[in-house]
Amino acid sequence: MLNQSPLWKTLLVVFIVAIGALYASPNLYGEDPAVQISGLRGVEANESTLDSVKSQLSESNIDFASVVLEDAQILVRFADTDAQLKARDLLDGNMGDQYSVALNLTPATPDWLAAIGGVPMKLGLDLSGGVSFTMEVNMNEAVVKAQEGMASDFRTDLRGEKIRYRSVKKLDESIEIIFRNVEDLDNAESFLKKRYRDFIFTDNSDTLTLTAQMSELKLKEIREYALQQNITIIRNRVNELGVAEPLVQRQGQKNIIIELPGVQDTAKAKEILNATATIEFRMVDNENDLATALNGRVPASSQLLYERNGTPVLLKKRIMLTGDHIVDASSSFDEYSRPQVNITLDSPGGSKFSSATKDAIGKPMATVFIEYKPTDRLDSKGNTIFEKKEEVISVATIQARLGKSFRITGAGSQAEAHSLALLLRAGALIAPIQIVEERTVGPTLGAENVKLGFQAIMSGFGLVFIFMLIYYRAFGVVANLALSANLVLIVGVMSMIPGATLTLPGMAGIVLTVGMAVDANVLIFERIREELRAGKSVQQAIHQGYDAAFSTIIDANITTLIAALILFSVGTGPIKGFAVTLSIGIITSMFTAVIGTRSVVNAVWGGKRLDKLSI
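Predicted model only: the values in this text are computed from it and were never measured.

Ordered by their spatial adjacency, four strands build an open sheet running E7-E8-E10-E9, and the pairing between neighbours is antiparallel. Among the strands making up the open sheet, the edge pair consists of strand E7 (167-170) and strand E9 (199-204). The average undirected angle you get between the axes of adjacent strands in this sheet is 15°. Both strand E8 (residues 175-178) and strand E10 (residues 209-214) contribute to a ladder of four bridges, which runs antiparallel. Note that in E10 the partner of isoleucine 175 across the bridge is alanine 212.

Pasting the structure below:
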């Protein structure tokens, strides 16, 4: 019989809409103001830290809704932002440098809903408020550091080949090597040209000099590497802030854009992002007396540094290797179940480290973490002056001659080894970075955007709702049900997709989808009217109306979907957000307008003897 759907098909439609409604429901619960306390540099929050936080808040009469310890982090929820800010100020002053205290907005989703994966939709910077930074990578410094590294490599290689030279020094844009005779000059030129094919070598027999200059391809490679490495480091630092759905992406040849939705503590965000860090390996100086150095008489070839716990370590100034050569680092356990860090170097780094450690077996080697933090002072050229902070993060004994791959033991607990691996992998900043633009979207403005966007959606929805009800009567009610289901499905799908973020353009995409969804129903209903006017029975008109309109609806939606996919592939930021929302809306609208309304129409009018239709 015409227009009768099997029960399973109707139940399937109901099930899909119900699932969409279930996963859209977390958006009704809003967010709680919260404070997040995280350990830094291997330190983890534990039950003792939890008790300390509770007692501090209670003694200061700051009311909190809940406080929990999850994944080595403490999350304290509050009823209002006043209590949140008071708690942040209190804890930030009392927890010390080992912990990061950050403001946060935490979803108030019920536990049962969170347990099945229900989370609210992620809101972009323009809707939730937050801060956006544009950071510039100092490419000149990256090239200078690469040239300095190459000068050191040239010395090592020439000594390895037993080619004598007078000096190797870095000039403005090149490296100059001066030899003792023509024979050494020729041998060195032949050797270096084979080894460093991305350099341009120029010899001068009169002055016995060989000049090496980086090719354009090599310079481009260095700049690209510096930018990518800095992006990796910044992503890791953003994680310290506990920000949900941050955006870190490159812009052009030297800039990085960072968007931190929901961040209220912009000063702390700037402090963490603006810091510049690197790693060095140096030998511990056991030949001189540590006590003498502590009394202020540090040998000229040595330097006195301290570990995190305040233990002094006397190090040799000569740097064995910098973190620029580290290509990978991971934590694991050695044969005695002690935490260790496995490090992999690039080929030049392996050769350099092998040469540096061949005579140092059994001696202690230190890993030094160096951080450059921006100050409020400017130099004569108006550039920010960075303050250098050095800290010994591990002292380990060299067990064998080290090469491209080696391991460090004695780094502390497994968490500390993991943290050290993270720092080694991502802490070697190639060049300083600086914030060149800062844009703050206040929570109030974000809330205003949400309110206006929601009003636009509901206004569009309401007008379409009234029009369909008046113009198509009973079938208009069916179309409105489909529109409601479509809206619920869009929100549900957006909430379920991990990387999907709703922005203001995304809201525009939803408004557009409302119009497109009802367009499909208009096509179907007009076809049904035409069939009725042609004298067909009600059941035949409904059947042929859906069949005739189907291909037109599919064609129209697929062409729009192709346009949305192109927008997604070539667009960035808000444009991508618009494309994602539009794509989801097109797919859900086809489902609700064609399959959803057909199920309802079949359930209400299908298979019945009817003389007329309310359409």
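Moving on, we come to the pairing of E9. Where E9 lies against E10, six bridges are found, and the strand directions are antiparallel. Bridged to phenylalanine 201 within E10 is alanine 212. Hairpin connection, E9 to E10: the antiparallel pair is bridged by four residues, and leucine 208 has positive phi, about 55°.

Under the definition given, this model contains 14 salt bridges. The residue aspartate 32 makes a salt bridge to arginine 77 at a minimum N-O spacing of 3.2 Å. In this pair, aspartate 32 is assigned in strand E1 (residues 31-39) and arginine 77 in strand E3 (residues 73-77), connecting sequence segments 45 residues apart. On the basis of relative accessibility, which here comes to 22%, the residue aspartate 32 falls in the partly exposed class. Two residues, lysine 254 and glutamate 136, come together in a salt bridge whose shortest N-O distance is 3.9 Å. Highlighted residues: lysine 254 in the loop between strand E11 (247-251) and strand E12 (255-261) and glutamate 136 in strand E6 (residues 130-137), separated in sequence by 118 residues. Look at lysine 254 and you get partly exposed, because its relative accessible area is 39%. Through salt bridges that share partners, Glu280, Arg282 and Glu390 make up one connected network.

Quick look at the environment of asparagine 602 now. Residue placement: asparagine 602 occurs in helix H16 (residues 574-605). In this structure asparagine 602 comes out as buried when scored by relative accessible area, which is 8%. The spacing of asparagine 602 and histidine 543 is 59 residues in sequence and 9.6 Å in space, taken between C-alpha atoms.

With that out of the way, let us pick up the side chain of aspartate 153. Positionally, aspartate 153 belongs in helix H6 (residues 139-160). Excluding residues that lie within four positions of it along the chain, aspartate 153 makes contacts with Tyr196, Pro348 and Lys352.

Within the fold, proline 107 resides in strand E4 (residues 99-107). Remark: the alpha-carbon pair of proline 107 and aspartate 32, spanning 75 residues in sequence, is separated by 6.1 Å. When residues no more than four places from it in sequence are discounted, the contact partners of proline 107 are Gly30, Glu31, Arg77 and Pro120.

With 14 residues, helix H7 (residues 182-195) extends 20 Å from end C-alpha to end C-alpha; this agrees with the ideal 20 Å at 1.5 Å per step. All of the buried residues along H7 are Asp184, Leu185, Ala188, Glu189, Phe191 and Leu192. Here the buried face of H7 lies against H6, E8, E9 and E10. Between the side-chain oxygen of the N-cap and the backbone nitrogen of glutamate 183 there are 3.2 Å, and the N-cap of H7 in question is asparagine 181.

Basis of the calculations
Residues numbered from 1 in each chain as written. Predicted model: local features only at pLDDT ≥ 70, side-chain atom pairs only at ≥ 80, totals over all residues. Heavy atoms only, no water. Pairing = 2+ DSSP bridges. Helix = DSSP H or I, 4+ residues; strand = E, 2+ residues; numbered from the N terminus. Axes fitted to C-alpha atoms, helices over the stretch in contact; angles between N-to-C directions. Salt bridge = Lys/Arg side-chain N within 4 Å of Asp/Glu carboxyl O. Buried < 20%, exposed > 50% of the residue type's maximum accessible area, 1.4 Å probe, protein only. Contact = heavy atoms within 4.5 Å. Expected span 1.5 Å × (residues − 1). Polar contact = N/O pair within 3.5 Å; in protein donor to acceptor, adjacent residues only side chain to side chain.

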